[in-house]
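# Chain and residue survey
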Amino acid sequence: MRYLLLLFILFTGTLANGQNNWDKKVGIKTVNIQVEVKDLLASTTYEFEFINPQNTIVEGLYTFKLLPDQVVTAMQLELDGKYRDATIEEKWKANTAYREIVGKRIDPALLVKDYNHQYRLNIYPMPANGTRKIKITIDEVLPVQDGRLVYSLPLAITDIVREGKIELLLKDKTHIKLSPEYEWNDQRQIVVDNNTLIGKDIFTMEVPGLVFIAGDTGVIGRLVRTKEHSLPGRLNKLLIMWDVSASMKSRSLHKEITYLQKFIKLHKPETVRFLVFSDKVHEEKIFDHPYSKEKNIEKYLRQLTYDGATSYKALNMFEVDVDYTLLFSDGGVSLEKNIKPYRGPIKAITTGYANVEKLKAFTCLTKDAVVNIASGDLDSMIIRQPLQYATQDLPVNYEVKTIINDIVYVIPGESVTAVNQEQGGLTRYDKSYFNKLNIILTLNDLQKAPWYQQYKTLLKFGIEFRVVTPYTAFIVLERLEDYIKYDIAVPPDMYEAAAKVNYTHTQHKYIYTEQAEKLKQLNRVIEAFNKKYNKMLPAVEELPARFQNSGTGSFSQLAGNNLPVSIRGVSGSAAGLSINNELDESVVVTRYKVSGTKTVVGRTGDVFTSAQTIEQALQGRVAGVQVSGASAGFFNNATVSIRGAVRGPLWVLDNIPVDGNINDYVIGSDIDYVEVLKSPFETAVWGSRGADGVILVFTKKGKSQNYVNTRPYRLSDMEDEDYLQELKSAANKIDTYNELRKTYSEHVGFFIDVADYFYSIGLKEGARRIILNAIEAGNNQSAKATVAQVFAAWGEYGQAIEFYEQLIEPGAGIKRLLAWCYYRNGNVEKAINILYDLITEEVLGNEWLEARAVFLQDLMGMVNVNAGKIEPVAGLDVTGAVADIRVVISTEEPIESVSVRKPGDYTFQKIDWTPHFLFRTGDFAYDFMLSEATKGTYKFRIKYNDYRYYYNYSRPDIAPKTVQVFIYRNYGKPNQTIEQQNISIDNQSGEFEIMRFNW
């Protein structure tokens, strides 16, 4: 027994010792650093010789952190005296291969990006007291200070380095200014012995302000603020850009006029030119010798009218010869996603709250160019702040690509020839420079996307451009059989050996993988399509091939020749299959289904009158509701838990949430009934307070006073808002509107309602101006989306598209509306592509598939109507079902039910519930189709409760709640017509008819 125990101790000790040899931090014996700088792009290659100070073989670990805009673009591992290139792979696959191969004591190396730009390098094996060599290349765009780029080592080495050197690979080093902390040796190298190598601000170098770099795929311009100077000589021509958008009504007009007067008095310009603008330049006014016309200028500015949204686009397009520009604005640019920098010396003046970031962008990030004069002495401000300007000459037409380190990167709208003529030539580097710069700039934008959208884009980007991202990694293996076993791309030095065994795997396979994923997703959508439309469409047992041939290989070989999928309501050609289907009548709706989760207590009997407390009445009567402490009666607070929730439920009395003991507010004899809501969907309307369940208590007295309508009604019978009633009865509608807006200037809904009314009575130009105030009042996603929907309902699809495109990361429902705008504006191909991307993009759950079935029905309808007029959608040569009537109702609100009354029916038919669009973004859709419609009137009714009033959700800057209705007559047929309605359901509750139409 003693010997067995001894063997066990020895065995576990050996095992523990082996386990302790993993992830061992290694030291740096030597490091040779080569720095190559072209314009602002720096490529830094580290050649590390790592050392293992232990007397046993270990797995080496080295960690480091980079800045967000620094990218690892190459890695090499020394094997048998030669460096082997790393290949880029999916992070999970590289990790798996590395760990399994390390377990076999074979040679790999792995570089991954973990979190917060933290990197981890593993090397195996690290010999006892031995070394291994590895190279890592990091690319970045350098910052600029006072017109000089500043270079620091991207990877700061905090450990002691025995030997190190930095070599600059520059043809001309005479323009380099070395930091006093460093010095050259005879070979113009920086040498480090037994020291750390932080490498901050090693050298600076002068760079021009504007450079255009030409590549195979286009031109990129980069603009840096060169050293700023005070404006030389006298300021003769001054330009004033005066913002008169609706949001500027709250400006401190007196302060701004006073500042302008003092500025003119100090600099004495010969002329002042005013550009008065909001969404466009409205007028231009010139004052000669303005220092003698203070009163005239003040009178002119005080009589201006403030109206409309804000855009700086028109200012950049206005060509004028001036010495200096003052912009008076709050930066509340509501009509642009990206701000283009102004093309001349400028200072932005604002009072009170302002969007400083947008003002900085417009003033080209010039130092001290944004001045808030809300407080402080104006005289000292004007004298203290010289007229700074940066030497710059932007092209007339360009788009901002991104901004990194306060450097603006632009894409010129002109051709290469035009840029050559206007800007005096292009700076041409080799192809690799342009590609590296483009990689850094693009990656900078991709990393700004929401986390749930980053996986696929960063994975694809990392694989395509061979860079490390959170989802890609560099890996080096020793043996060809391991590359083959783990399906990893081989490096160049192994191409010949791999070809001999017919292994030709390269990164091209990811193109096919992405296509295969899209095809799988399309299969899933079609399965959902079958379930959704199963009452009206027979099935076809094969999916049409979305991809026939792509790239250098056959996609069918990758995805499989036969995919077991059924599709209903599709006709056309599909892998040689002849399809011909008929449509049966059905009513189908997309909706999150709730079944058996709401319990009603007390509608009959004397449940509450016989109990001392409400808790006693509920005890034992409701499944899933646990009540404790109720037997003590009225003088003890009982505990109620729904479905085991730790917190208690939200109590709501006659639709008003209450805090504390519910029995303090109502007695049992006054209670009519109680509803217990358990499901997440039913409780969602009560926000986070209802997360653990909701108990609705309705009193007998409250039934008649309840704001919820207990009987169905018609929305068209409800009274208009007070301001609409006053406007409709007014003789002079413009004057009445101007008077009303003094009260409702911050209400998005007011401008939308008035604009829609003006448009309906023929005042279309006024309507277009008024609705822009809705965007200015809200300046948020909700307001812009609603304005886009209004323009679409007016038939002005170009304007609708413009506003939809301004939305940041719109949900699937908005993208669907955008697709139909493109379709109705004549761009069928664009519409189909949007829908196809929605159908096939990666999803986070099966609940989204029902929505994609609606998208697929949309897509097939578009293809059907335009058969023979457009090219097939990349192999999807199918046509969808046709119908006399199709009605799609979409909304961002969780409607409780939808019902329809067809001609000849005496009652409304409640439409079955099926899963909703996107629970995350709150998009819902309801699809109703009839293949053969009966003549007469069709009426649609919804059941909906607006709880915002009780939660203070009715903020004026939030757009009104609306339902979008698309009525398709002769759907999918050549004579198809489309009608769109936007129906406001603000302040409505209960069951009500939203619209009716005739067939």
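Residues numbered from 1 in each chain as written. Predicted model: local features only at pLDDT ≥ 70, side-chain atom pairs only at ≥ 80, totals over all residues. Heavy atoms only, no water.

### Overview of the overall build of the protein
Heads up, the rule is: We count a stretch as a helix when DSSP gives it H or I for four or more residues in a row; a strand needs E for two or more, and each element gets its number in order from the N terminus. For this analysis, residues touch if any pair of their heavy atoms sits within 4.5 Å.
When helices and strands are counted, the protein shows 27 helices and 52 strands. A separation of at least 24 residues holds for 72% of the contacts in the protein among residues at least 6 apart in sequence.

### Topic: the sheet that holds strand β47 (residues 909-910)
Short version of the rule: Here a strand pair is declared whenever DSSP counts at least two bridges between the two strands.
In spatial order, the strands read β43-β52-β49-β46-β47; together these five strands make up an open sheet with mixed pairing. A single partner strand is all that each edge strand has here, and the edge strands are β43 (713-714) and β47. Here nine bridges tie strand β49 (residues 937-945) to strand β52 (residues 989-998), and the two strands are oriented antiparallel to one another. Note on β52: the bridge partner recorded for Ile 942 is Phe 992.

### Describing the pairing of strand β5 (residues 71-79)
As paired strands, β5 and strand β10 (residues 131-141) are joined by six bridges and run antiparallel to one another. The partner of Val 71 across the bridge, within β10, is Asp 139. Bridge count for β5 against strand β6 (residues 82-85) is four bridges, and the pairing is antiparallel. Bridge pairing in β6 places Glu 78 opposite Tyr 83. Taking the residues between adjacent antiparallel strands as the criterion, β5 and β6 are bridged by two residues, where Asp 80 takes a positive phi near 55°.

### Concerning helix α20 (residues 748-760)
Inclusion rule: In a helix, the anticipated span is given by 1.5 Å times the number of residues less one. The buried label goes to any residue with under 20% of its type's maximum accessible area, the exposed label to any with over 50%, and the partly exposed label to all in between, with areas taken from a 1.4 Å probe on protein chains only.
With 13 residues, α20 ought to run about 18 Å at 1.5 Å a step, and its terminal C-alpha atoms sit 19 Å apart, in line with that. Among the 13 residues of α20, 10 are classified as buried, and the element is accordingly described as predominantly covered. Residues Val 748, Gly 749, Phe 750, Phe 751, Ile 752, Val 754, Ala 755, Tyr 757, Phe 758 and Tyr 759 constitute the buried set of α20. Buried residues belonging to α20 abut α18 (722-729), α19 (733-744), α21 (764-778) and α22 (781-793). Of the residues trailing α20, Gly 762 is marked for its positive phi of about 95°.

### What about the packing of α18 against α19?
Cut-off, in case you're wondering: Lines fitted to the C-alpha atoms define the axes, with helices restricted to the stretch that makes contact. Angles between their N-to-C directions range from 0 to 180 degrees. In this scheme, roughly parallel covers angles under 35 degrees and roughly antiparallel covers those over 145, while 65 to 115 is roughly perpendicular and the rest are oblique. Two helices cross in a left-handed way if the nearer one is turned anticlockwise from the farther one by less than a right angle. They cross in a right-handed way if the turn is clockwise. When residues are grouped by polarity, Ala, Val, Leu, Ile, Met, Phe, Trp, Tyr, Cys and Pro land in nonpolar, Asp, Glu, Lys and Arg in charged, and all others, Gly among them, in polar.
Following both chains from N to C, one finds α18 and α19 inclined at 160°, their axes separated by 9 Å at the closest point. Here α18 lies roughly antiparallel to α19, going by the angle between them. Every pair of crossing elements has a handedness; the one defined by α18 and α19 is right-handed. Counting all contacts with α18, which are made through Tyr 723, Glu 726, Leu 727 and Lys 728, the residues of α19 involved are Lys 733, Thr 736, Tyr 737, Leu 740 and Tyr 744. Of the residues contributing to the contact of α18 with α19, the split by class is five nonpolar, one polar and three charged.

### Quick notes on a negative patch on the surface
Rules: Think of a patch as exposed residues, more than 30% relative accessible area, with no salt bridge, where like charges cluster within 9 Å and nonpolar side chains (Val, Leu, Ile, Met, Phe, Trp, Tyr) cluster within 5 Å. Accessible surface area values rest on a Shrake-Rupley calculation with a 1.4 Å probe, where residue burial reflects the displayed protein chains alone. A pair is scored as a salt bridge if a Lys or Arg side-chain nitrogen falls within 4 Å of a carboxyl oxygen belonging to Asp or Glu. In this tally, Lys and Arg are treated as positive and Asp and Glu as negative; His is ignored, and so are the chain termini. A single reference atom marks each charge: NZ on Lys, CZ on Arg, CG on Asp, CD on Glu.
A contiguous patch of negative charge on the surface is contributed by Glu 719, Glu 721, Asp 722 and Glu 726. Mapped onto the fold, Asp 722 is located in helix α18. For Asp 722, a relative accessible area of 58% translates into the label exposed.

### Comments concerning the environment of Leu 763
With respect to the element layout, Leu 763 can be found in the loop between α20 and α21. With 29 residues separating them along the chain, Leu 763 and Ile 734 place their C-alpha atoms 9.9 Å apart.

### Concerning the pairing of strand β48 (residues 924-930)
It is a general feature of regular strands that their side chains alternate between the two faces of the sheet. Most of β48 is tucked away, with seven of its seven residues classed as buried. Of the two faces of β48, the one lined by Phe 924, Tyr 926, Phe 928 and Leu 930 and the one lined by Ala 925, Asp 927 and Met 929 are each fully buried. Of the pairings in the sheet, the one linking strand β45 (residues 883-891) to β48 comprises seven bridges and is antiparallel in character. In the sheet register, Ile 889 faces β48, and the bridge partner there is Tyr 926.

### Looking at the pattern of salt bridges
Scanning the entire structure with this criterion turns up 30 salt bridges. Across the salt bridge formed by Glu 36 and Lys 38, the nearest N and O atoms sit 3.8 Å from each other. Of the charged contacts in the structure, one is a salt bridge between Arg 886 and Asp 858, with a shortest N-O distance of 2.6 Å. Here the residue Arg 886 occupies a position in strand β45, and Asp 858 occupies one in helix α26 (residues 849-865), the gap between them amounting to 28 residues.

### Things to note about the packing of aromatic side chains
Remark: the centre distance and the inter-plane angle together describe each pair of aromatic rings, the angle taken between the planes. Short version of the rule: By convention, a stacked pair of Phe, Tyr or Trp rings (six-membered ring in the case of Trp) has centres within 6.5 Å and planes under 30 degrees apart, an edge-to-face pair has planes over 60 apart, and any other such pair is tilted.
The tally for this structure, following the rule as stated, stands at 37 aromatic pairs. With a centroid separation of 5.3 Å and an interplanar angle of 80°, the aromatic rings of Phe 791 and Trp 794 are classed as edge-to-face. What makes Phe 791 buried here is its relative accessible area of 2%. Ring centres of Trp 820 and Phe 966 lie 6.5 Å apart, and the angle between their planes is 40°; this geometry places the pair in the tilted category. Remark: Phe 966 occurs in strand β50 (residues 962-971) and Trp 820 occurs in helix α24 (residues 812-824); sequence separation between them is 146 residues. The buried category is assigned to Trp 820, whose relative accessible area is 1%. By way of ring pairs, the aromatic residues Tyr 723, Tyr 737, Tyr 744, Phe 750, Phe 751, Tyr 757 and Phe 758 are connected into one cluster.

### Some details on the environment of Ile 958
Take Ile 958: it is sitting in the loop between α27 (948-951) and β50. Note on Ile 958: relative accessible area 27%, which makes it partly exposed. Separated by 175 residues in the primary sequence, Ile 958 and Ala 783 have C-alpha atoms spaced 6.5 Å apart.

### Comments concerning helix α3 (residues 253-267)
Here α3 is 15 residues long and its end C-alpha atoms lie 21 Å apart, about the 21 Å a rise of 1.5 Å per residue gives. Just beyond α3, the residue with positive phi is Lys 268, at close to 50°.

### So, the nonpolar core
For the record, the criterion: For this analysis, a nonpolar core means a set of buried residues of the types Ala, Val, Leu, Ile, Met, Phe, Trp, Tyr and Cys, connected via side-chain atoms within 4.5 Å.
Core analysis: the biggest nonpolar cluster contains 96 residues, and Phe 48, Phe 50, Tyr 62, Met 75 and Ile 157 have the highest contact counts within it. If sequence neighbours within four positions are ignored, Ile 157 has contacts with Ile 28, Val 31, Tyr 46, Phe 48, Tyr 62, Thr 196, Leu 197 and Ile 198.

### Comments concerning the sheet that holds strand β25 (residues 370-372)
Sheet architecture is open: six strands sit in the order β22-β21-β20-β23-β24-β25, paired in mixed fashion. Two strands lie at the open edges of the sheet, namely β22 (281-288) and β25, each paired on one side alone. Each neighbouring strand pair of the sheet contributes to a mean axis angle of 20°, computed without reference to strand direction. Across three bridges, the pairing between strand β24 (residues 346-350) and β25 is parallel. Of the residues in β25, the one forming a bridge with Thr 350 is Asn 372. Against the sheet, helix α4 (residues 294-302) contacts β20 (237-243), β21 (271-277) and β22, and its axis sits at roughly 170° relative to β22.

### Brief notes about unusual backbone geometry
In this structure, Pro 125 follows Tyr 124 across a cis peptide bond, with omega equal to -10°. If you trace the backbone, Pro 125 turns up in strand β9 (residues 118-126). The backbone of Asn 116 shows a phi angle near 50°, a positive value even though the residue is not glycine. Topologically, Asn 116 is positioned in the loop between β8 (108-113) and β9. Positive phi is not limited to glycine here, since Arg 466 has a value of about 55°.

### What about the confidence of the model for the protein?
Worth spelling out the cut-off: Every residue carries a pLDDT, the predictor's confidence in it, which falls somewhere between 0 and 100.
Per-chain confidence: the protein averages 77 in pLDDT, with 76% of residues scoring 70 or above. Here strand β35 (residues 586-587) stands out as the least confident element of the protein, with mean pLDDT 24; β10 is the most confident, with 96. Low pLDDT (under 50) marks residues 536-598, which in the prediction has 178 contacts with non-local residues, meaning those over four places away or in another chain. Low confidence marks residues 703-708, where pLDDT is under 50. Its contacts with residues over four positions away, or in another chain, come to 12 contacts.

### Regarding the side chain of Asp 692
Here Asp 692 is to be found in the loop between α16 (680-684) and β42 (694-699). Given a relative accessible area of 19%, Asp 692 falls into the buried group. If near-sequence neighbours (up to four positions away) are discounted, Asp 692 is found in contact with Ile 642, Ala 645, Arg 647, Gly 648 and Pro 649.

### Some points on the packing of α3 against α4
Two numbers describe how α3 lies on α4: the axes approach to 11 Å, and their chain directions differ by 150°. Considering the angle they form, α3 stands roughly antiparallel to α4. In this structure, α3 meets α4 at a crossing whose hand is right-handed. Residues Leu 253, His 254, Ile 257, Leu 260, Gln 261 and Ile 264 of α3 pack against Glu 294, Ile 297, Glu 298, Leu 301 and Arg 302 of α4. Among the residues forming the contact of α3 with α4, the class breakdown is six nonpolar, two polar and three charged.

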